[in-house]
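Structural features, examined
Residue-level listing of the chains:
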Amino acid sequence: MNLRIPGPIPVPEDILESMSNPMINHRGTEFKDILFRTTEGLKSVFGTESSVYILTGSGTGAMETAVVNTLSKGDKVLSISIGTFGDRFGEIAQIYGADVVHLKCLPGTAVDVDEIRNCLNKQPEIKAVLVTHNETSTGVANDLEAISQVVKKEYDNKLLLVDGISSVASLPTYMDLWECDVISTASQKGWMLPPGLAFVGFSNFAIEAYRNSDMPKFYFDIGQYEKYFKLGQPPWTPAVSLMFALDLALGQILKEGIENVYLRHKEIGEFTRHQVREIGFSIFPDEKVASNTVTAVNVPDGFKAGDLIKFMKNNYDIVLAAGQGELKEKIIRIGHMGRTTQDDIKPVIEGLSKFISQ
Ligand SMILES: Cc1ncc(COP(=O)(O)O)c(C=O)c1O
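On a predicted model such as this, the values are computed, not experimentally measured, just so you know.

Turning to the domain arrangement of the protein, a few remarks are in order. One can read the domain layout of the protein as domain 1 (2-6 + 257-357) and domain 2 (14-255). With centres defined by C-alpha atoms, the gap from domain 1 to domain 2 works out at 26 Å. Carbon and sulfur atoms supply 58% of the area buried between domain 1 and domain 2, which totals about 2000 Å² over both sides. On inspection of domain 1 and its partner domain 2, the count reaches zero salt bridges. Counting across the interface, domain 1 meets domain 2 through 14 residue pairs in polar contact (both at pLDDT 80 or more). Elements with a contribution of two residues or more to the side of domain 1 that touches domain 2: helix H10 (258-278), strand S11 (294-298) and strand S14 (331-335). It is H10 that contributes the most residues to the side of domain 1 that touches domain 2, five residues altogether. Its residues placed into classes, the side of domain 1 that touches domain 2 shows 13 nonpolar, seven polar and five charged.

Here the focus is the site of the ligand. Neighbouring the ligand are 14 residues; Ser-58, Thr-60, Thr-136, Asp-163 and Lys-189 lie closest to it. At 2.5 Å, a side-chain N or O of Thr-60 approaches an oxygen atom of the ligand. At 2.4 Å from an oxygen atom of the ligand is found a side-chain nitrogen or oxygen belonging to Thr-136. Starting from 390 Å² of accessible surface for the ligand in isolation, the protein chains cover 87%. Of all the secondary structure elements, the ones that give two or more residues to the shell around the ligand are helix H3 (59-70) and helix H4 (84-95). Ranked by residues supplied to the shell around the ligand, first place goes to H3 with three residues. Tallied by class, residues from the shell around the ligand come to three nonpolar, eight polar and three charged.

Bringing the sheet that holds strand S3 (residues 76-81) into the picture now. Within the open sheet, the seven strands sit side by side as S2-S10-S9-S8-S5-S3-S4. Their pairing is mixed. At either end of the open sheet lies a strand with only one pairing partner, and these are strand S2 (51-56) and strand S4 (99-104). Pairs of neighbouring strands in the sheet enclose a mean axial angle of 20°, with direction left out of account. Sheet analysis places S2 next to strand S10 (residues 197-202), joined by six bridges and oriented antiparallel. Across the sheet, Tyr-53 pairs through a bridge with Val-200, a residue of S10. Where helix H6 (residues 144-153) meets the sheet, it contacts strand S5 (128-132) and strand S8 (159-163), and its direction lies at approximately 160° from that of S8. Where helix H9 (residues 240-256) meets the sheet, it contacts S2 and S10, and its direction lies at approximately 65° from that of S10.

Closest axis-to-axis distance for the helix H11 (residues 305-316)/helix H12 (residues 342-357) pair is 10 Å, and the angle between their directions is 120°. Between H11 and H12, the angle falls in the class oblique. Two packed elements cross with a definite hand, and for H11 against H12 that hand is right-handed. For the pair H11 and H12, contact is made by Asp-307, Leu-308, Phe-311, Met-312 and Tyr-316 and by Pro-347, Val-348, Glu-350, Gly-351, Leu-352, Lys-354 and Phe-355, respectively. Residue composition of the contact of H11 with H12, grouped by class: eight nonpolar, one polar and three charged.

This brings us to the nonpolar core. Of all hydrophobic cores here, the largest spans 59 residues; its most connected members are Leu-78, Ile-116, Trp-191, Phe-199 and Leu-246. Broken down by element, this core gets its largest block of residues, nine residues, from H9. Taken together, domain 1 (2-6 + 257-357) and domain 2 (14-255) each give at least three residues to this core, which thus spans both. When neighbours within four sequence positions are excluded, Trp-191 is seen to be in contact with Leu-42, Val-45, Phe-46, Val-168, Ala-169, Thr-185, Ala-186, Phe-199, Ala-249, Leu-250 and Ile-253. Grouped together as the second largest cluster of nonpolar side chains are 32 residues, Leu-71, Leu-159, Val-182 and Ile-222 included.

What counts and what doesn't
Residues numbered from 1 in each chain as written. Predicted model: local features only at pLDDT ≥ 70, side-chain atom pairs only at ≥ 80, totals over all residues. Heavy atoms only, no water. Domains from an automatic or database assignment. Buried area = accessible area lost by both parts, 1.4 Å probe. Salt bridge = Lys/Arg side-chain N within 4 Å of Asp/Glu carboxyl O. Polar contact = N/O pair within 3.5 Å; in protein donor to acceptor, adjacent residues only side chain to side chain. Helix = DSSP H or I, 4+ residues; strand = E, 2+ residues; numbered from the N terminus. Nonpolar A, V, L, I, M, F, W, Y, C, P; charged D, E, K, R; others polar. Near = heavy atom within 4 Å. Areas by Shrake-Rupley, 256 points an atom, 1.4 Å probe, with all protein chains shown as cover. Pairing = 2+ DSSP bridges. Axes fitted to C-alpha atoms, helices over the stretch in contact; angles between N-to-C directions. Contact = heavy atoms within 4.5 Å. Parallel < 35°, antiparallel > 145°, perpendicular 65-115°, else oblique. Left-handed = near helix turned anticlockwise from the far one by under 90°. Core = buried A, V, L, I, M, F, W, Y, C linked by side-chain atoms within 4.5 Å. Buried < 20%, exposed > 50% of the residue type's maximum accessible area, 1.4 Å probe, protein only.

Here it is in structure tokens:
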């Protein structure tokens, strides 16, 4: 099967095999070595000197971790949404009692930083900005560097909380350089792992915010992670098998060099979009903001995404993703995170081309 959804992604054979290693004591020295080594590796990929915590959970848990550890009830936050995952970030903040101001952009577009500036000027009491780096639901990458230039350089003391779930380890992300306060990501994306682990980077400013935060938290309380990390342990029983896999995958990513990983994603993103256009399909977002981890393709008039997806599965054993929410029948999404090659994409193009010509 050619799994081409934007996560989970196909996991390389050697990484899968590493998960069948026998269990070890998660409070013993062997685990301590893995925890320290993987945390250092994660810091290097995040581009941060501050803290990265490894959680057992999915990306949504990492988003929740960002919110509950830095905010307090009643805090005014700006939630930028360019799709369903942006909506989710705002919803989490709202459920925990933040006063959420919504900046909702048209699906298929990236946020315009002038709009962020307008919101922050109009409501100076906004304490945090929540943003999705790469909106997997629409195949759009926001310009995180430009967003950070506004939020962190033009204003004082605002927290920048980033959903980097489908960007970190695939798209250029420099946590310290871009002054991001929290970045959340999850294992089933560019990390080349199965689902089940999530990683969150916290800047020193975010850790200061933690000390004043009154939102309820237990499983995702980063104070617990910090306390146990000093002992070389996680606070709760971790997904030990996934930690073996993380250790191996990170070693491979670092050996290749993170800049080379970014370059590969750029090349496969450009290749995919070019091939899609060649056969007469169009890309949902504008090329300037199109993501290099997932390509959202418009379903031609008169066709339905559901039928196209069935056709690809039945005839080519290729699994594609439909759109989400109002885009369900309008777009399909082709994932190309991790070690995707042109040979993985070519059969997708062949199938799409057959589908419209049948
Ligand atoms: C950008 C983005 N945010 C959040 C999520 C939610 O992550 P999870 O499904 O791992 O909870 C996803 C998952 O696809 C995502 O791509």
